[in-house]
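Structural overview
Here's the letter readout for the chains.
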Amino acid sequence: MLKVKLEIRAIYTIIVCLFAIFLILPLVVLFIRSFETSQGFTISNYLSILTNNDLMVSIWNSIKISSLTAVITTILAFLLSYTINFTRVTRPLKGAIQIGILIPMLLPTITYGFAIMYSFGNQGLLTKLFGRSFFEIYGFNGLLIGYCLYTLPPAFLLINNSFKYIDKKFIIVSKLMGDRTLRSFMNTIIRPLWGTLGGAFVLSFILSFTDFGIPASIGGSYSVVATQLYQVMLGSIPDFNNGAAIAVFMLIPAVFAVFLLQYLEKFNFHYDKLSEVELLQNRARDVVLGILSSSVLLSIFAIFAIMFVAPLVNSYPYDLTFTFKHFTDVFQSSDLVNVYKNSVIVALLTALFGTLTAFCAALLNVRTPIKGKEALDIFSMITNTVPGMVLGISYLLLFNNSSLKGTFAIIVLCTIIHYFTTPYLMAKNSLSKMNLSWEMTGELLGDSWFKTIRRVVIPNSFSTVLEMFSYYFMNAMVTISGIIFLVTATTSVVASKIKELQHFAKFNKVFVLSILIFFTNLFVKLLCDYFQKRRLKHN
Amino acid sequence: MLEMQNIGKKYDQKVVLENIDLEIKTGEIVSLLGPSGSGKTTLLNIILGLTQMDQGKIIFNGKDMSTVPMKKRGFNIVFQDYALFPHLNAYENIIYGLKNKKELVTKKELQEYIDFLGLNPHLNKKIGELSGGQKQRVALARTLVTKPEVLLLDEPLSALDGVIKESIKERIKSIAKEFDLTTIIVTHDPEEALTLSDKILIINQGNISQFGTPFEIINRPSNEFVKNFILKQLEIKRQNIYNLFSEKYA
C-alpha cells in the first residue's frame, strides 16, 4: 500500500478542519442553544414545544403528509423504472421519461407551489381546460402534489439505477421453474429491489419532511414543521433558543431515517454477473405501463407548462395578449439581475469548491492508507442526516456575530456541506473501481503523488467529476431551505428572492426568475453531458 | 548480484518471514514459490521497497539497499492485473515513465523494446481492446523501458490462458537473457516455477524450505514439504497427462 505522504496529511487536515468548523461545531452550538433559556440551561424549550398545541399539530401534519408522499412517490418511481427497464415500450417514450422526470430538479421547490396554483387554482390553466376545479389546492392537496413532484426525480433515479443490476436471466429461470406471475414478480423483481424501494420511501419522506419551499408557497393554513420553524426563527417575535429546540426535533426523524437506510442496505444484493437476456413478449404489460408512465410524465409537463406561458402574456389569465414585458422588466431591474448574478456566482463557487472537497475526501478514503479516514464517512453520514434548514439555523446561531455573516462564503460553505453526501459517494464509487496499483505504478515510473493523481486518476474519473460538478451546481441554484436563514439584502439569491416576491404577489417575476434558473441549470446539465459523451467517445 | 541477509518480518507479533538468506546472480530468473500466506508476496514487496523489513539487509551489487526508498532502488514491478492506465492507449502507457525521465532511452531503443515484445501492431489500441497476453506485454514494455536493475513480476501468468501462457513464459526468459536482467517472479504454481526459472525459492510459513535449480528440487527435495506439496502436484499432473496420452494412443 502507498505510504502516507505529507501532502496526503495536509489535505486530510484541511478537510477535517473544514467539517469540524462548518458541520460539527454549528451542530454542537445548536444543541447547546436548544437548552438555553433566560433562566439558564433547562429543558423548558423542549417542554414548551411539547405543550405547544400548534407546533405538535404541525409535526403530526408533517409526518402524515410526508408518509403519504413517500408511498405515492415510491410506487410511481417504481412504475416508471419498470417501464424503462422491463418492458418493450417504444424507445422514444423511454427516453422521454428519463429526461422529462428530471424537470422538477431544475427548479426551486418554492416555484412548484406557484406552478400548482396557476395550474389547479380557480383561474388555473388545467382548471380552465377541464372546465372545473378539482379540489382545494391550498393546504394538504397542494402540498401533496408539490412534495410528489419534488421527491419523484430522486426516487426514480435511485430505483432506476438498481433496476440495472437485476439479472433478467432469473426471470427466465423463474418462468421455466413454473412460477406464476405474482411469485415470479415477487422473487425476481421485488425481492432484489426491496432495499432500494425502502430507501426510496425513506428518502422521499425525509425530503418532504424537511422541505421549506413548497409549504412556503402553497401550504395555506395547513401548518407543517418547516413553516413553523421559520415563523419561530424569523417571524414577528424571533426566539432563537426555541427555534434551536425545534431544529433538534426536526433532526429526530432524519436520524431515525439514516439508521433505517443502513438497515435496508442489508436487503440489497448484487448478482455476480449480469447477463443480457431478451425480455419476454407481453403486449398487455407494455400497453398498460406505457399509458401509466405517459400519464405521469404528462402530468409533470402540464403542471409546469403554465410557468412558461404566464410570464409571456400580459396578465394571466385575464389578458392573454403576448408580451415580453415581464422579461424586459426583470432584465431592466438591476436588483433582480443582481440576484440572478449572485445565484450563478454562488452556484459556480459551490460546484467548484464542493467538487474539490468531495473528490479529495473520497480520494483519501478510498485510495490512501491514512489513519482516521473513517471520519470522512462519518461526516458524509452526518451531512446526509442534517436537513438544510437545521444546518442553516445552526450557522445562524454560530456565525451571527462573526465576519462571515452576510457573505457569499457562508452561503457557499453551507451549501457545500449540505449537499456533500451524494458527490462524495459518487467519487468514492468511481475511485474504488479503479485499479489500486496506479499510484504505486506512477511512483515507480517517476511521478510524485500529485502528479499521478493529475495524470492518471483525474483523467479516469473525469466523467464523475463532471457529474459531481453539475449536481452541486444545480442544487446550489435551487436550494432554499439551507440558505433562507443566511441570505442578506446584498447576498440574496434567486430562490430566496422568490420568497420575497411572493409577499408582493409578483408572480410573473417569480416565473421569469424560475425560467432563468431552469435554463441555466439545463445549460450546465447539457454542457456536462456533452463533455461526458465526448469523453466516452474519446476513450 | 542481489543478496538478502537474514531478512525477517512480523505483522502484529505474527512471523511472516524469518531467516531469509539468499543470493541471486545478475541475469538469473528466480521464482518465489509457495502456497497462499507463505510470505512470498511479502518478500517481493520487501525487495521492491514497498514493505519495510524488521530485520536483515538487502544488498545489490555491493550497495546496501535496506533503507533506500522504493523509488530510488531502481527496481520495478509488473502487477498481476497489469494496472495499465485505461485512458491512455498502448503506446502512451509504454512511454508513461519516459515523460518523467526523457533521457532514459533513445527513440531507437524504445522501438527495439516495442519490436522485441511484438507490440508494433497494437500501439494505437485502447487498453480495453487488448487481449490478456497483449496487456501483459504492454505492461512489460512500460516497465522495461524504465531500465530497471531488477524486474519483479507478481503472478505474471495467472490471468492468462493456455497457449498465451507458454508464449509469455518464453518471452520472460528471452527478456532476462537479452537484457541480462535479474528477474524475480512470484507464483504459486510449481509447474510454472520449475519450467520458467533458473532457480526456485520455495517458501513455507515464512521460512526458506529449499533454494535450488529445478533439477535439484526434482531430484533432491530437501524436506517433506517440498515432497508433499511441490513434487506431489507435479507427479499428479504428470500422471494425468500420461493417462490422457496413453488412452489416446493405446
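Cut-offs and rules
Residues numbered from 1 in each chain as written. Chains lettered and ligands numbered in written order. Predicted model: local features only at pLDDT ≥ 70, side-chain atom pairs only at ≥ 80, totals over all residues. Heavy atoms only, no water. Salt bridge = Lys/Arg side-chain N within 4 Å of Asp/Glu carboxyl O. Helix = DSSP H or I, 4+ residues; strand = E, 2+ residues; numbered from the N terminus. Buried < 20%, exposed > 50% of the residue type's maximum accessible area, 1.4 Å probe, protein only. Contact = heavy atoms within 4.5 Å. Buried area = accessible area lost by both parts, 1.4 Å probe. Polar contact = N/O pair within 3.5 Å; in protein donor to acceptor, adjacent residues only side chain to side chain. Nonpolar A, V, L, I, M, F, W, Y, C, P; charged D, E, K, R; others polar. Domains from an automatic or database assignment. Phe/Tyr/Trp six-rings, centres within 6.5 Å; stacked < 30°, edge-to-face > 60°. Lys NZ or Arg CZ within 6 Å of the ring centre and 35° of its normal. Pairing = 2+ DSSP bridges. Axes fitted to C-alpha atoms, helices over the stretch in contact; angles between N-to-C directions. Arc of directions from axis to C-beta.

This part covers the pattern of salt bridges. Residues and elements named next belong to chain A. Under the definition given, this model contains 18 salt bridges over all chains. Note that D335 and K497 form a salt bridge whose closest N and O atoms lie 3.0 Å from each other. Note that D335 is positioned in helix α15 (residues 334-367) and K497 in helix α23 (residues 494-503), a separation of 162 residues in sequence. Relative accessible area serves as the criterion here: at 40%, D335 is assigned to the partly exposed category. Taken together, the shared-partner salt bridges in this structure form one network comprising D335, K497 and E500.

Attention now moves to the interface of chain B and chain A. Listed as interface residues are 23 residues of chain B and, on the opposing side, 23 residues of chain A. When chain B packs against chain A, close to 2000 Å² is buried across both sides, 58% of that on carbon and sulfur atoms. Together, K71(B), H87(B) and Y96(B) form the three largest contributors to the area buried by chain B at its contact with chain A, with a combined 30%. Here chain B and chain A share zero salt bridges between them. Linking chain B with chain A are 10 residue pairs in polar contact (both at pLDDT 80 or more), by the criterion used here. Of all the secondary-structure elements, those providing two or more residues to the side of chain B that touches chain A are α2 (70-73) and β6 (75-78) of chain B. It is β6(B) that contributes the most residues to the side of chain B that touches chain A, three residues altogether. Grouping the amino acids of the side of chain B that touches chain A by side-chain chemistry returns 11 nonpolar, seven polar and five charged.

To continue, consider the environment of D211(A). Residues and elements named next belong to chain A. When you line up the elements, D211 lands in the loop between α9 (181-210) and α10 (213-218). Sequence spacing of D211 and G388 is 177 residues, and the spatial spacing of their C-alpha atoms is 8.2 Å. What D211 contacts, discounting residues up to four positions off in sequence, is T109, Y147, Y150 and A226. Here T109 takes part through its side chain, which lies 3.0 Å from a polar atom of the side chain of D211. Within the structure, D211 has its side chain in polar contact with the backbone nitrogen of I214 (distance 2.8 Å).

All names here are of chain B. Taken as a whole, chain B is organised into domain 1 (2-74 + 148-249) and domain 2 (82-147). Each partner contributes to the interface: domain 1 provides 16 residues, whereas domain 2 provides 14 residues. Between domain 1 and domain 2, roughly 1200 Å² of surface is buried when both sides are summed, and carbon and sulfur atoms account for 76% of that area. Taken as a group, P148, R171 and F179 account for 43% of the area that domain 1 buries against domain 2, more than any other trio of residues on that side. Across the domain 1-domain 2 interface, the total number found is zero salt bridges. On inspection of domain 1 and its partner domain 2, the count reaches two residue pairs in polar contact (both at pLDDT 80 or more). Elements with a contribution of two residues or more to the side of domain 1 that touches domain 2: β7 (150-154) and α6 (162-178). When residues in the side of domain 1 that touches domain 2 are grouped by element, the largest group, six residues, is from α6. Here the side of domain 1 that touches domain 2 is composed, by residue class, of 12 nonpolar, one polar and three charged.

Moving on to the packing of aromatic side chains. The tally for this structure, following the rule as stated, stands at 39 aromatic pairs over all chains. Consider the rings of F324(A) and F327(A), whose centres lie 6.2 Å apart with planes at 80°: the pair is edge-to-face. Given the relative accessible area of 16%, F327(A) is considered buried. When the ring of F420(A) is compared with that of Y424(A), the centres are 5.0 Å apart and the planes differ by 25°; the resulting orientation is stacked. Across the pair, exposure class does not vary: F420(A) and Y424(A) are buried alike. Pairwise contacts between aromatic rings join F78(A), Y82(A), F86(A), F163(A) and F185(A) into one cluster. Over the ring of Y96(B) we find R455(A), and its NZ or CZ is 3.8 Å from the ring centre. Over the aromatic face of F85(B) sits the side chain of R142(B), whose NZ or CZ is 4.9 Å from the ring centroid.

This next bit is on the sheet that holds strand β9 (residues 199-204) of chain B. Residues and elements named next belong to chain B. Spatially, β6-β7-β8-β3-β9-β10 is the arrangement adopted by the six strands of the open sheet, whose pairing is mixed. Of all the strands in the sheet, just β6 and β10 (207-212) have a single pairing partner and so form its edges. Averaged over neighbouring strand pairs, the angle between their axes works out to 20° when direction is ignored. Sheet contacts for helix α1 (residues 40-48): β3 (29-33), β6, β7, β8 (182-187) and β9; angle to β8, the most-contacted strand, approximately 150°.

This next bit is on the sheet that holds strand β5 (residues 63-64) of chain B. Sheet strands associate in pairs through backbone hydrogen bonding, adopting either a parallel or an antiparallel arrangement. All names here are of chain B. Across the sheet, four strands lie side by side as β2-β1-β4-β5; this open sheet has antiparallel pairing. Two strands in the sheet have a free side with no partner beyond their single neighbour: β2 (14-24) and β5. Pairing analysis gives two bridges linking strand β4 (residues 55-60) to β5, with the strands arranged antiparallel. Its bridge partner being in β5, F60 is matched across the sheet by K63. Contacts between α1 and the sheet are confined to β1 (2-11), β2 and β4, with β1 contributing the most and set at about 120° to the helix.

Further remarks concern helix α4 (residues 91-100) of chain A. All names here are of chain A. Within α4, burial applies to L93, K94, I97 and G100. Along α4, the residues classed as buried sweep out an arc of 145° about the axis, all on the same side. Away from the buried face of α4 by more than 90 degrees, exposed residues R91, P92 and I99 are located. As for α4, its buried residues are in contact with α3 (53-86) and α13 (283-309).

This part covers the environment of I65(A). All names here are of chain A. Here I65 lies in helix α3. Remark: the alpha-carbon pair of I65 and L143, spanning 78 residues in sequence, is separated by 8.0 Å. When residues no more than four places from it in sequence are discounted, the contact partners of I65 are F140, L143, L144, Y147 and Y222.

This part covers the pairing of β8(B). Taken residue by residue, a regular strand's side chains alternate between the two faces of the sheet. Residues and elements named next belong to chain B. With six of six residues buried, β8 lies mostly within the body of the structure. Burial along β8 is two-sided: T182, I184 and V186 facing one way and T183, I185 and T187 facing the other are all buried. Both β3 and β8 contribute to a ladder of five bridges, which runs parallel. When the bridges of β8 are listed, L32 appears paired with V186. Note that β7 and β8 share five bridges and pair parallel. Residue pairing for β8: V150 is matched across the bridge by T182.

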